[in-house]
There are 2 protein chains.
Amino acid sequence: MTAPPTPALMLDGDALDRNIATMARRAQGVSLRPHAKSHKSAFIARRQIAAGAAGVCCAKLAEAEALADAGIADILITSPVIGADNAARAGALARRIALAVVIDHDMAAPDLAAHAPGLRVVIDVDVGLGRTGVAAPQQAVAVARAAAAAGLRVDGVQAYGGSWQHIAGAETRAAAMRAGMVRAQEAVAALRAEGFAVTRITGGGTGTATADLALGFLTELQPGSYVFMDRQYRDALGGDADGAFEQSLFVASRVISINAPDWVTIDAGIKAFSTDAGLPAIAEPRWAGSRYFFFGDEHGGVTRPEGAPVSLGERILLIPPHCDPTVNLYDRYRLLRGGAWAGEAPIEARGRGW
Amino acid sequence: MTAPPTPALMLDGDALDRNIATMARRAQGVSLRPHAKSHKSAFIARRQIAAGAAGVCCAKLAEAEALADAGIADILITSPVIGADNAARAGALARRIALAVVIDHDMAAPDLAAHAPGLRVVIDVDVGLGRTGVAAPQQAVAVARAAAAAGLRVDGVQAYGGSWQHIAGAETRAAAMRAGMVRAQEAVAALRAEGFAVTRITGGGTGTATADLALGFLTELQPGSYVFMDRQYRDALGGDADGAFEQSLFVASRVISINAPDWVTIDAGIKAFSTDAGLPAIAEPRWAGSRYFFFGDEHGGVTRPEGAPVSLGERILLIPPHCDPTVNLYDRYRLLRGGAWAGEAPIEARGRGW
C-alpha cells in the first residue's frame, strides 16, 4: 500500500492497541467507558469495547448518533441535552441503544421526560470549573427530584474535572482532583440521604486516571486521549504513570518549498492541527533539533536540520499539540501496522458537534 | 424552516451576495479570481463566477478536485504541487478543467511535465514572508526556463503577501504591500528580459485589495475572506475601504448550563471555532456587553448580560475569530435569507487539505 497524500492523520494501530490494553488492565475494578470525543470513531470504540469497555461516552448528540449508526450500542452523553428538539433526538436514540445523558438543571427535565420517557440520567456535578454541573449538593437533590418526578431514571452522578487533566506533576494533579471531588462526594451523600441509590459515579480522564483509581470514588472511568496521546499530554505527564501511553497519532506531511535559507515549508498548517495548545512536535530522528512553526492556514515552517540538505517532497511526521480537536479536522485515520501503511478507518463523528 | 441544531455555521446569504457584488464592482479592470480556500464551497464559487469572476483559486489539490467535481471549471492552485503522485493528480484534473498551478523550484518541473504535459504554471515569487516562492529574480528565470524546457506553459507570476492582509491602517498596509511587490516587479522584469511574456500577475487579498488595485501591478486578484469577514479582519480593517464588507458568517450556539453566577455555558468551543486568532465576538445586541471565552473543546463561556436573566436554550450568534479555518470545521452552511432559515449549502472541500 502506498503512502497517502499529505497532510494525513496517521494512526499507529499497534501502539493504539497497546494503549487500549494498558488502560483496560489498569481500570479493573471499575467500569471503563472511554470518551469517544477524542477519537470520534467506531473502529476505535469497537476495539475499546472488545478489550472490556462497557460502552463509550460522547460529548454531543450528533457524535452519539453517528457512532450508534456505526453499531455502538451503549453511550453516555456527557454534556447537558437542552431543548425540545434535542430531547426528541435523545428519545429517538434511546429507542435504539442503551443511552444515558447528564442533566444539571431541573428545568431540563420536562423536555427530556416528554420526549424520552424513562431515560436514564446522571446528575452532572460541578467539581470546580463552573462549566457545567450543579453548583451545590442541594441543587443535585433538586435536579434529581425533578427528574424522578418527571419520570426519568436517576442513575448517579458525573464528576469530571477537565482542568485537572493537564496539571504537571502526579501528586499536584491528584491533589487538585481530590480537592474537587469533595464536592461530588457531598452531592452523592446528599442524594443518598434523600433515598437516591447513586449506583453510578462517572468521571476521570487520561491525566487523573491513576489517582482516580487510587481514590476509589468513581465507579466508571471516562478517559479519552490515552488512545493517542499528544504533545500537550506528553509535556504535562512526562514520566508519570498517567503518561505511560505510547504516541499513536501523527500528522504526516511533506516538504513543498525549500527556497528559504533557515527553514523549509511543509504542507501542514492551521487547517492540519488544532492551535489551542501550542505547537506540534517533530517525530523524525533526522529532524530532532528542528522546530515547527505555523505558517498560515495551509503551511508550516520547519527549521532546517543539521547535516544533509532537505529535498522537495521529503516526508516529516509530526505529533499534534492537542489530539481531540486535531482529529476533528480529518475524515479518516490512515493506519499503520508493523510500520507499513495498512488501510484506513473512518472518523464517523468528525465535525458532529451539535 | 426550523432553526438548525447548534452549533451551526450560519451564512447570511443576502450579506454574502452584497459582498460578492461589491468586490466584483471594485475589481473591474483586473481579472477577479476569488480564493476558495476561505469558503470551500461550489455554492459560493458559482455565485462569484456569476458575478464576473474568471474562476477561483484553491490552496490544495484536494480542494480543487472537490470543486471540480461540483462543476467549477477554472482553477489556479496557489501552493506548489510536489511529488509524482500529486503531479499525476494535477494531470488528471487538467484533463477535465482549465487548471494552472504555481511552481517555485526547477526540480518540481519534471514531475509536472511528465504527468501533466502542457500544464499552465505560474512562477510563485516570495514577496518577503519566506513561505513559498522563488527567492530572487534569477531563480524566477531559472524556474521558468526549467518549466518551459520540460514542456510546461509559463503563464506569469504569483505575488501574494499573506502577512500584509491583517496590518491595521490602510496606508501602513498599502506601504508593506508596495515594498514587497518590488520583488515581484523585479522578477517580472527579469522574466520579460528573458523573453517570457508574463501575461498573468496574480495575488492580493481582502486586506490589500484597494491598494493592489491602486498600484495597478496585479492583473488578477485573489481575495478570499471578503465574502464572510471575521473578527480578526473587522479589528484590523475597521473603517478602511477594505473593511467595508458585511459580516455574513456566524456560529449559532445555545446556552446549555446556567448554574454559574457570572457566566453561562454555551455549546460552542474549540471544535466550533478555530483558535488561532483570538476570541469570537458576540453579535447579539442583548449580549453587547458580554464576552466569550473558550471553555474547552466542546463549550464556551459567555459572561452574563445586564438585565433579564438567561434561559436554558437561549440562542446566541457569534462572529468567528478567523473565517477560513472555522469554515473548515463544518460540513454545511445553514443559510439565512431575509432573516429566516432558508436551507443549506454543502462545504464540499471541507477538510480537503491534501
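Residues numbered from 1 in each chain as written. Chains lettered and ligands numbered in written order. Predicted model: local features only at pLDDT ≥ 70, side-chain atom pairs only at ≥ 80, totals over all residues. Heavy atoms only, no water.

A. Molecular detail of the relation of the copies chain B and chain A. With an RMSD of 0.0 Å, the operation that places chain B on chain A is a rotation of 180 degrees combined with a shift of 0.0 Å along the axis. What the superposition gives is, in effect, a two-fold axis relating one chain to the other. Here 100% of the interface residues in chain B have copies in chain A that are interface residues too; the copies meet face to matching face. (Least-squares fit on C-alpha atoms with pLDDT ≥ 70 in both. Contact = heavy atoms within 4.5 Å.)

B. Inspection of helix α3 (residues 61-69) of chain B at higher detail. All names here are of chain B. Judged by how many residues are buried, α3 sits mostly within the fold: 8 of 9 residues are covered. The complete set of buried residues in α3 reads L61, A62, E63, A64, E65, A66, L67 and A68. Those residues of α3 that are buried are in contact with α2 (42-50), β3 (56-58), β4 (74-77) and α4 (84-94). Following α3 by one or two positions, G71 has its phi on the positive side, about 105 degrees. (Buried < 20%, exposed > 50% of the residue type's maximum accessible area, 1.4 Å probe, protein only. Helix = DSSP H or I, 4+ residues; strand = E, 2+ residues; numbered from the N terminus.)

C. Seen up close, the side chain of Q48(A). Residues and elements named next belong to chain A. When you line up the elements, Q48 lands in helix α2 (residues 42-50). Here the side chain of Q48 touches H39 through a polar contact of 2.9 Å, side chain to side chain. Apart from residues lying up to four places away in sequence, Q48 is in contact with I20, P34, H39, A53, V56, Y226 and V227. (Polar contact = N/O pair within 3.5 Å; in protein donor to acceptor, adjacent residues only side chain to side chain.)

D. Spatial organisation of the interface of chain B and chain A. With 60 residues of chain B at the interface, the matching set in chain A holds 60 residues. Both sides of the chain B and chain A interface together cover about 4500 Å² of buried area, and 52% of this is carbon and sulfur. Taken together, the connections running from chain B to chain A amount to 4 salt bridges. R254(A) serves as the salt-bridge partner of D85(B), at 2.9 Å between the closest nitrogen and oxygen. Run the count over chain B and chain A and you get 29 residue pairs in polar contact (both at pLDDT 80 or more). Listing elements by their share of the side of chain B that touches chain A, those giving two or more residues are α4, β10 (249-257), β11 (263-266) and α10 (323-327) of chain B. With 4 residues, the top contributor of residues to the side of chain B that touches chain A is β10(B). Across the side of chain B that touches chain A, the residue classes break down as 21 nonpolar, 20 polar and 19 charged. (Buried area = accessible area lost by both parts, 1.4 Å probe. Salt bridge = Lys/Arg side-chain N within 4 Å of Asp/Glu carboxyl O. Nonpolar A, V, L, I, M, F, W, Y, C, P; charged D, E, K, R; others polar.)

E. Just the packing of aromatic side chains, in detail. Counted under the stated rule, the structure contains 16 aromatic pairs over all chains. Taking the centre distance of 5.0 Å and the plane angle of 55 degrees together, the rings of F293(A) and F295(A) count as tilted. Taken as a pair, F293(A) and F295(A) share a single burial class, namely buried. Aromatic side chains Y292(B) and F294(B) sit 5.2 Å apart centroid to centroid with 85 degrees between the ring planes, which places their arrangement in the edge-to-face category. Given a relative accessible area of 1%, Y292(B) falls into the buried group. By relative accessible area, F294(B) is classed as partly exposed at 23%. (Phe/Tyr/Trp six-rings, centres within 6.5 Å; stacked < 30°, edge-to-face > 60°.)

F. View of the sheet that holds strand β8 (residues 200-203) of chain B. All names here are of chain B. As summarised here, the arrangement of the 8 strands in space is β2-β9-β8-β7-β6-β5-β4-β3, forming an open sheet in which the pairing is parallel. For this open sheet the edge positions go to β2 (31-32) and β3, each flanked by a neighbour on one side alone. In the sheet, β3 pairs with β4 via 3 bridges, with the strands oriented parallel. Looking at the pairing, C58 lines up with I77 of β4. (Pairing = 2+ DSSP bridges.)

G. The pattern of salt bridges, seen in detail. Under the definition given, this model contains 54 salt bridges over all chains. A salt bridge links D331(A) to R350(B), with the shortest nitrogen-to-oxygen separation between them at 2.6 Å. Taken together, the residues D331(A) in the loop between α10 (323-327) and β16 (332-337) and R350(B) in the segment after β17 (340-346) connect one chain to another. Overlapping salt bridges bring together R33(A), D74(A), R120(A), R153(A), D155(A), R200(A) and E220(A) as one network.

H. Layout of empty space enclosed by the protein. Enumeration over the complete set of coordinates arrives at 7 cavities of 30 Å³ or more. Each pocket or cavity is described by its volume, and for the largest cavity that value is around 170 Å³. Along the wall of the largest cavity there are 19 residues; nearest its centre are K60(A), P80(A), N86(A), I256(B) and D267(B). For the lining of the largest cavity, the secondary structure elements donating two or more residues are α4 (84-94) of chain A together with β10 of chain B. The element contributing the most residues to the lining of the largest cavity is β10(B), with 3 residues. (1 Å grid on protein atoms, 1.4 Å probe; cavity = no way out; pocket = protein on both sides within 12 Å on 5 of 7 lines; lining within 4 Å. Points joined across faces, edges and corners; volume = space filled by probe spheres on them.)

I. Representation of the side chain of T206(A). Within the element layout of this structure, T206(A) appears in the loop between β8 (200-203) and α8 (209-215). Only 2.9 Å separates the side chain of T206(A) from the backbone nitrogen of Y226(A), close enough to count as a polar contact.

J. Broad picture of unusual backbone geometry. A cis amide bond links T6(A) with the next residue in sequence, P7(A), at an omega value of -5 degrees. Topologically, P7(A) is positioned in the segment before β1 (8-12). In the Ramachandran plot, K40(A) falls in the positive-phi region, its phi being about 55 degrees despite a non-glycine side chain. Its location among the elements puts K40(A) in the loop between β2 (31-32) and α2. Notably, V198(B) is not glycine yet its phi reads approximately 50 degrees, a positive angle. Judged by its relative accessible area of 5%, V198(B) falls in the buried class.

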